[in-house]
Amino acid sequence: SIEVRNKQQVTVTLYDILGRKLKILYDEDLQANKLTDVVVTADGLTNGLYLIRVQGRSFTEDRKVTFVN
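Presented here is a report on the structure given in the accompanying data block.

Conventions and cut-offs
Residues numbered from 1 in each chain as written. Predicted model: local features only at pLDDT ≥ 70, side-chain atom pairs only at ≥ 80, totals over all residues. Heavy atoms only, no water. Core = buried A, V, L, I, M, F, W, Y, C linked by side-chain atoms within 4.5 Å. Buried < 20%, exposed > 50% of the residue type's maximum accessible area, 1.4 Å probe, protein only. Helix = DSSP H or I, 4+ residues; strand = E, 2+ residues; numbered from the N terminus. Contact = heavy atoms within 4.5 Å. Pairing = 2+ DSSP bridges. Salt bridge = Lys/Arg side-chain N within 4 Å of Asp/Glu carboxyl O. Patch = residues over 30% accessible without salt bridge, like charges linked within 9 Å, V, L, I, M, F, W, Y side chains within 5 Å. Areas by Shrake-Rupley, 256 points an atom, 1.4 Å probe, with all protein chains shown as cover.

We now examine the nonpolar core. I2, V10, V12, L30 and V54 are the most contacted members of the largest nonpolar core, which totals 14 residues. When contributions to this core are tallied by element, the ones reaching two or more residues are strand 1 (8-16), strand 2 (21-30) and strand 3 (48-55). If near-sequence neighbours (up to four positions away) are discounted, V12 is found in contact with I2, K23, I24, L25, Y26, V38, I52, R53 and V54.

The element strand 1 is extensively covered by neighbouring structure, given that seven of its nine residues are classed as buried. Here eight bridges tie strand 1 to strand 2, and the two strands are oriented antiparallel to one another. Each bridged residue has a counterpart across the sheet, and for Q9 the counterpart in strand 2 is D29. Remark: four residues form the turn of the hairpin made by strand 1 and strand 2, two consecutive strands paired antiparallel; G19 in that turn has positive phi of roughly 90°. Relative to strand 3, strand 1 runs antiparallel, the two being bridged by six bridges.

By the bridge criterion, eight bridges tie strand 3 to strand 4 (residues 60-67) in an arrangement that is antiparallel. Bridge pairing links I52 to R63 in strand 4. As consecutive antiparallel partners, strand 3 and strand 4 are separated by four residues.

It is worth spelling out the pattern of salt bridges at this point. All chains considered together, the criterion is met by three salt bridges. Across the pair D16 and R20 runs a salt bridge whose closest N-O atoms are separated by 2.6 Å. Given the relative accessible area of 11%, D16 is considered buried.

Let us now look at a nonpolar patch on the surface. A grouping of I17, L18 and L49 is seen on the molecular surface, where their side chains present a nonpolar patch of about 310 Å² in accessible area. You can see L18 is positioned in the loop between strand 1 and strand 2. When its relative accessible area of 64% is taken as the criterion, L18 is described as exposed.

As structure tokens, this is what we get:
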């Protein structure tokens, strides 16, 4: 889930543990003070640790996720 204080363009990108970009999960404007869910699926991915980068105009946040099938 993502929430921003000011309306802005937000991109959510999935990377492998080596830092290679795998796919863009979300790339749209987010409205201020509105919680938005981004669904991450493991389709086509192997088990392991991945990095999700959430980037807006004034912030960047990284989150780790582990996929296990």
